[in-house]
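Architecture and fold: a report
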Amino acid sequence: MAGRPLIGVSTYLEAGARWGVWELEAALLPAGYPRLVQRAGGLAAMLPPDAPEQAAAIVARLDGLVIAGGPDVEPVRYGAEPDPRTGPPARARDTWELALIEAALAARLPLLGICRGMQLLNVALGGTLVQHIEGHAEVVGVFGRHPVKPVPGTRYAEIAPEETSVPTYHHQALDRLGTGLMPSAYAPDGTVEAVEVPTADRWVLGVQWHPEMGDDLRVMQALVRAAS
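Residues numbered from 1 in each chain as written. Predicted model: local features only at pLDDT ≥ 70, side-chain atom pairs only at ≥ 80, totals over all residues. Heavy atoms only, no water.

Spatially, nine strands are ordered β4-β1-β5-β6-β13-β12-β11-β8-β9 in an open sheet, and the strand pairing comes out mixed. Bordering the open sheet on either side are β4 (43–47) and β9 (164–168), each of which pairs with just one other strand. Within the sheet, the average angular offset between the axes of one strand and its neighbour, ignoring direction, is 30 degrees. Bridge analysis of strand β11 (residues 182–186) against strand β12 (residues 192–196) gives four bridges, and the strand direction is antiparallel. (Pairing = 2+ DSSP bridges. Helix = DSSP H or I, 4+ residues; strand = E, 2+ residues; numbered from the N terminus. Axes fitted to C-alpha atoms, helices over the stretch in contact; angles between N-to-C directions.)

The next thing to look at is the nonpolar core. Proteins that are soluble and globular tend to have nonpolar side chains buried together. In terms of nonpolar packing, the biggest core is built from 30 residues, with V66, L112, Y156, L205, W209 and M220 touching the most fellow members. Contributions of two or more residues to this core are made by β1 (6–10), α1 (32–39), β6 (111–114), α5 (155–159), β13 (204–207) and α6 (218–227). The element contributing the most residues to this core is α6, with six residues. (Core = buried A, V, L, I, M, F, W, Y, C linked by side-chain atoms within 4.5 Å. Buried < 20%, exposed > 50% of the residue type's maximum accessible area, 1.4 Å probe, protein only.)

Across the five residues of β12, five count as buried, placing the element largely inside the fold. Between the antiparallel neighbours β11 and β12 lie five residues, among them G190 with a positive phi of about 95 degrees. One ladder, built from three bridges, connects β12 with β13; its direction is antiparallel. Along β13, the bridge assignment pairs V195 with G206.

Its identity is not glycine, yet R108 carries a phi of approximately 55 degrees, on the positive side. Secondary-structure assignment places R108 in the loop between α3 (91–107) and β6. Its identity as a non-glycine residue notwithstanding, C115 has a phi of 55 degrees, on the positive side. Here C115 is to be found in the loop between β6 and α4 (116–124). Taking relative accessible area as the criterion, C115 reaches 5% and is therefore assigned buried.

Pairing of strand β2 (residues 12–19) with strand β3 (residues 22–28) involves six bridges; the strand directions are antiparallel. Across the sheet, W19 pairs through a bridge with W22, a residue of β3.

Note that side chains of opposite charge can pair when their charged atoms are close. Per the counting criterion, the structure on display carries ten salt bridges. For E97, the salt bridge is made with R93, and the minimal N-O distance between the two is 2.9 Å. Of this pair, E97 and R93 both sit in helix α3, four residues apart, which is roughly one turn of that helix. The burial state of E97 is the same as that of R93; both residues are buried. Residues R116 and E97 are paired through a salt bridge, measuring 2.9 Å at the closest nitrogen-oxygen approach. Here E97 lies in helix α3 and R116 lies in helix α4, a separation of 19 residues in the sequence. By relative accessible area, which is 1% here, R116 ends up buried. Taken together, the shared-partner salt bridges in this structure form one network comprising R93, D94, E97 and R116. (Salt bridge = Lys/Arg side-chain N within 4 Å of Asp/Glu carboxyl O.)

Take a look at the structure:
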(Lines give C-alpha, C1' and ligand atoms only; values in the text may rest on other atoms or scores of the structure.)
Protein backbone atom coordinates (compact mmCIF):
# COMPACT_ATOMS: atom_id res chain seq x y z
CA MET A 1 0.00 0.00 0.00
CA ALA A 2 3.04 2.31 0.33
CA GLY A 3 3.07 5.17 -2.11
CA ARG A 4 -0.66 5.28 -2.76
CA PRO A 5 -2.02 8.85 -2.59
CA LEU A 6 -4.22 9.78 0.36
CA ILE A 7 -7.66 10.88 -0.86
CA GLY A 8 -9.91 12.61 1.67
CA VAL A 9 -13.67 12.26 1.27
CA SER A 10 -16.06 14.59 3.09
CA THR A 11 -18.56 13.01 5.49
CA TYR A 12 -21.60 14.41 7.27
CA LEU A 13 -23.28 14.20 10.65
CA GLU A 14 -26.52 12.23 10.90
CA ALA A 15 -28.63 12.25 14.06
CA GLY A 16 -30.02 8.95 15.28
CA ALA A 17 -27.97 6.57 13.15
CA ARG A 18 -28.57 2.97 14.25
CA TRP A 19 -26.21 -0.02 14.45
CA GLY A 20 -26.28 -2.96 16.83
CA VAL A 21 -27.80 -1.80 20.11
CA TRP A 22 -26.86 1.84 19.47
CA GLU A 23 -28.71 4.86 18.16
CA LEU A 24 -26.34 7.83 18.19
CA GLU A 25 -25.21 10.78 16.13
CA ALA A 26 -22.67 9.55 13.60
CA ALA A 27 -20.34 10.89 10.93
CA LEU A 28 -21.53 9.00 7.85
CA LEU A 29 -20.43 8.31 4.31
CA PRO A 30 -21.94 5.70 1.96
CA ALA A 31 -19.41 2.90 1.58
CA GLY A 32 -19.33 3.30 -2.20
CA TYR A 33 -17.10 6.37 -1.88
CA PRO A 34 -14.13 4.87 0.02
CA ARG A 35 -14.48 1.65 -1.96
CA LEU A 36 -14.24 3.62 -5.23
CA VAL A 37 -11.10 5.39 -3.99
CA GLN A 38 -9.57 2.06 -3.00
CA ARG A 39 -10.49 0.34 -6.27
CA ALA A 40 -8.97 3.26 -8.17
CA GLY A 41 -5.64 2.82 -6.37
CA GLY A 42 -5.86 5.42 -3.61
CA LEU A 43 -6.00 5.36 0.18
CA ALA A 44 -9.34 6.64 1.46
CA ALA A 45 -9.54 9.00 4.44
CA MET A 46 -13.02 9.88 5.69
CA LEU A 47 -13.15 13.53 6.80
CA PRO A 48 -15.66 14.20 9.60
CA PRO A 49 -17.05 17.74 9.88
CA ASP A 50 -14.77 20.17 11.72
CA ALA A 51 -14.46 23.90 12.28
CA PRO A 52 -14.03 25.70 8.93
CA GLU A 53 -10.77 27.24 10.08
CA GLN A 54 -9.29 23.71 10.23
CA ALA A 55 -9.89 23.06 6.53
CA ALA A 56 -6.52 24.32 5.34
CA ALA A 57 -4.63 22.20 7.87
CA ILE A 58 -6.58 19.10 6.83
CA VAL A 59 -6.12 19.76 3.11
CA ALA A 60 -2.36 20.17 3.69
CA ARG A 61 -2.18 16.51 4.78
CA LEU A 62 -4.02 15.16 1.73
CA ASP A 63 -2.97 14.30 -1.81
CA GLY A 64 -6.49 14.72 -3.21
CA LEU A 65 -10.00 15.62 -2.09
CA VAL A 66 -13.50 14.37 -2.91
CA ILE A 67 -16.61 16.31 -1.93
CA ALA A 68 -19.38 13.74 -1.68
CA GLY A 69 -23.00 13.90 -2.80
CA GLY A 70 -25.88 14.70 -0.50
CA PRO A 71 -28.65 17.21 0.20
CA ASP A 72 -29.45 20.45 -1.61
CA VAL A 73 -27.18 23.46 -1.16
CA GLU A 74 -28.98 26.22 0.74
CA PRO A 75 -30.06 28.82 -1.87
CA VAL A 76 -28.87 31.75 0.28
CA ARG A 77 -25.34 30.59 -0.58
CA TYR A 78 -25.90 31.78 -4.17
CA GLY A 79 -28.27 34.67 -3.48
CA ALA A 80 -31.58 32.95 -4.24
CA GLU A 81 -34.86 32.43 -2.44
CA PRO A 82 -35.68 28.76 -1.73
CA ASP A 83 -37.98 27.00 -4.16
CA PRO A 84 -40.75 24.99 -2.42
CA ARG A 85 -39.19 21.83 -3.85
CA THR A 86 -35.73 22.55 -2.43
CA GLY A 87 -34.84 20.34 0.52
CA PRO A 88 -34.21 21.56 4.07
CA PRO A 89 -30.90 23.36 4.61
CA ALA A 90 -27.78 21.54 5.76
CA ARG A 91 -26.01 24.68 6.95
CA ALA A 92 -23.20 23.07 8.93
CA ARG A 93 -22.37 20.79 6.03
CA ASP A 94 -22.46 23.65 3.53
CA THR A 95 -20.07 25.66 5.71
CA TRP A 96 -17.63 22.78 6.21
CA GLU A 97 -17.52 21.55 2.64
CA LEU A 98 -17.24 25.06 1.19
CA ALA A 99 -14.26 25.60 3.50
CA LEU A 100 -12.69 22.37 2.22
CA ILE A 101 -13.25 23.40 -1.40
CA GLU A 102 -11.78 26.86 -0.85
CA ALA A 103 -8.76 25.39 0.94
CA ALA A 104 -8.21 22.82 -1.82
CA LEU A 105 -8.44 25.48 -4.54
CA ALA A 106 -6.01 27.72 -2.68
CA ALA A 107 -3.55 24.83 -2.25
CA ARG A 108 -4.03 23.62 -5.85
CA LEU A 109 -4.94 20.20 -4.49
CA PRO A 110 -6.57 17.79 -6.97
CA LEU A 111 -10.31 18.07 -6.34
CA LEU A 112 -13.31 16.01 -7.44
CA GLY A 113 -16.88 17.10 -6.66
CA ILE A 114 -19.59 14.46 -6.94
CA CYS A 115 -23.24 15.56 -7.46
CA ARG A 116 -23.78 17.99 -4.56
CA GLY A 117 -19.98 18.35 -4.53
CA MET A 118 -20.05 19.67 -8.10
CA GLN A 119 -22.85 22.06 -7.21
CA LEU A 120 -20.93 23.34 -4.17
CA LEU A 121 -17.82 23.81 -6.31
CA ASN A 122 -19.87 25.95 -8.68
CA VAL A 123 -21.30 27.99 -5.80
CA ALA A 124 -17.85 28.41 -4.21
CA LEU A 125 -16.69 30.02 -7.48
CA GLY A 126 -19.67 32.40 -7.66
CA GLY A 127 -22.05 30.30 -9.75
CA THR A 128 -25.75 29.59 -9.23
CA LEU A 129 -28.04 26.55 -9.31
CA VAL A 130 -31.34 25.57 -10.89
CA GLN A 131 -33.37 24.44 -7.88
CA HIS A 132 -35.50 21.84 -9.63
CA ILE A 133 -35.36 19.87 -12.86
CA GLU A 134 -37.32 16.81 -13.93
CA GLY A 135 -36.10 13.45 -15.14
CA HIS A 136 -32.86 12.98 -13.20
CA ALA A 137 -34.32 11.42 -10.02
CA GLU A 138 -37.44 9.65 -11.18
CA VAL A 139 -37.99 7.26 -8.24
CA VAL A 140 -37.35 8.44 -4.69
CA GLY A 141 -34.37 6.63 -3.19
CA VAL A 142 -33.50 4.77 -6.42
CA PHE A 143 -30.57 5.65 -8.67
CA GLY A 144 -31.41 5.90 -12.35
CA ARG A 145 -29.18 6.02 -15.41
CA HIS A 146 -28.82 8.27 -18.42
CA PRO A 147 -26.10 9.01 -20.98
CA VAL A 148 -23.62 11.86 -20.75
CA LYS A 149 -21.69 13.18 -23.72
CA PRO A 150 -18.21 14.69 -23.23
CA VAL A 151 -17.17 18.02 -24.68
CA PRO A 152 -14.23 17.37 -27.05
CA GLY A 153 -10.91 18.76 -25.93
CA THR A 154 -11.73 18.79 -22.22
CA ARG A 155 -10.05 16.92 -19.39
CA TYR A 156 -13.19 14.84 -18.94
CA ALA A 157 -13.16 13.89 -22.63
CA GLU A 158 -9.60 12.62 -22.16
CA ILE A 159 -10.84 10.46 -19.27
CA ALA A 160 -13.98 9.15 -21.04
CA PRO A 161 -13.98 10.10 -24.74
CA GLU A 162 -17.20 8.28 -25.60
CA GLU A 163 -20.82 8.83 -24.59
CA THR A 164 -21.28 6.97 -21.30
CA SER A 165 -24.27 5.74 -19.30
CA VAL A 166 -23.93 6.96 -15.71
CA PRO A 167 -25.73 6.39 -12.37
CA THR A 168 -27.71 9.49 -11.48
CA TYR A 169 -29.90 10.89 -8.70
CA HIS A 170 -30.40 14.65 -8.48
CA HIS A 171 -33.15 17.22 -8.91
CA GLN A 172 -30.95 20.34 -9.01
CA ALA A 173 -28.37 21.38 -11.58
CA LEU A 174 -25.91 24.13 -12.49
CA ASP A 175 -27.26 27.40 -13.83
CA ARG A 176 -24.68 30.20 -14.18
CA LEU A 177 -21.20 28.70 -14.11
CA GLY A 178 -18.72 29.85 -11.50
CA THR A 179 -15.63 31.85 -12.41
CA GLY A 180 -13.02 29.74 -14.15
CA LEU A 181 -15.27 26.72 -14.75
CA MET A 182 -16.16 25.31 -18.15
CA PRO A 183 -18.66 22.56 -19.03
CA SER A 184 -17.12 19.25 -20.02
CA ALA A 185 -20.15 16.94 -20.39
CA TYR A 186 -23.88 17.25 -21.02
CA ALA A 187 -26.98 15.09 -20.58
CA PRO A 188 -29.31 14.68 -23.59
CA ASP A 189 -31.63 17.39 -22.20
CA GLY A 190 -28.79 19.91 -22.10
CA THR A 191 -28.10 19.69 -18.36
CA VAL A 192 -24.44 20.34 -17.55
CA GLU A 193 -23.17 17.01 -16.21
CA ALA A 194 -19.48 17.80 -15.70
CA VAL A 195 -17.39 20.93 -15.20
CA GLU A 196 -13.69 21.54 -14.85
CA VAL A 197 -11.01 24.18 -14.43
CA PRO A 198 -9.32 24.10 -17.85
CA THR A 199 -5.79 25.04 -16.78
CA ALA A 200 -2.87 22.65 -16.83
CA ASP A 201 -1.67 23.66 -13.36
CA ARG A 202 -4.90 22.64 -11.63
CA TRP A 203 -6.86 19.35 -11.56
CA VAL A 204 -10.42 20.32 -10.65
CA LEU A 205 -13.38 18.29 -11.92
CA GLY A 206 -17.03 18.06 -10.93
CA VAL A 207 -19.47 15.39 -12.10
CA GLN A 208 -23.22 15.54 -11.57
CA TRP A 209 -23.62 11.76 -11.46
CA HIS A 210 -22.55 9.18 -8.86
CA PRO A 211 -19.51 7.16 -10.00
CA GLU A 212 -19.44 5.42 -6.59
CA MET A 213 -22.68 3.65 -7.62
CA GLY A 214 -21.22 2.14 -10.78
CA ASP A 215 -18.31 0.12 -12.11
CA ASP A 216 -16.56 2.78 -14.21
CA LEU A 217 -13.40 3.70 -12.29
CA ARG A 218 -11.98 6.17 -14.79
CA VAL A 219 -12.97 9.44 -13.12
CA MET A 220 -11.60 8.36 -9.74
CA GLN A 221 -8.52 6.83 -11.34
CA ALA A 222 -7.82 10.19 -12.98
CA LEU A 223 -8.04 11.92 -9.60
CA VAL A 224 -5.72 9.33 -8.06
CA ARG A 225 -3.19 9.82 -10.88
CA ALA A 226 -3.32 13.60 -10.41
CA ALA A 227 -2.88 13.15 -6.65
CA SER A 228 0.17 10.93 -7.22
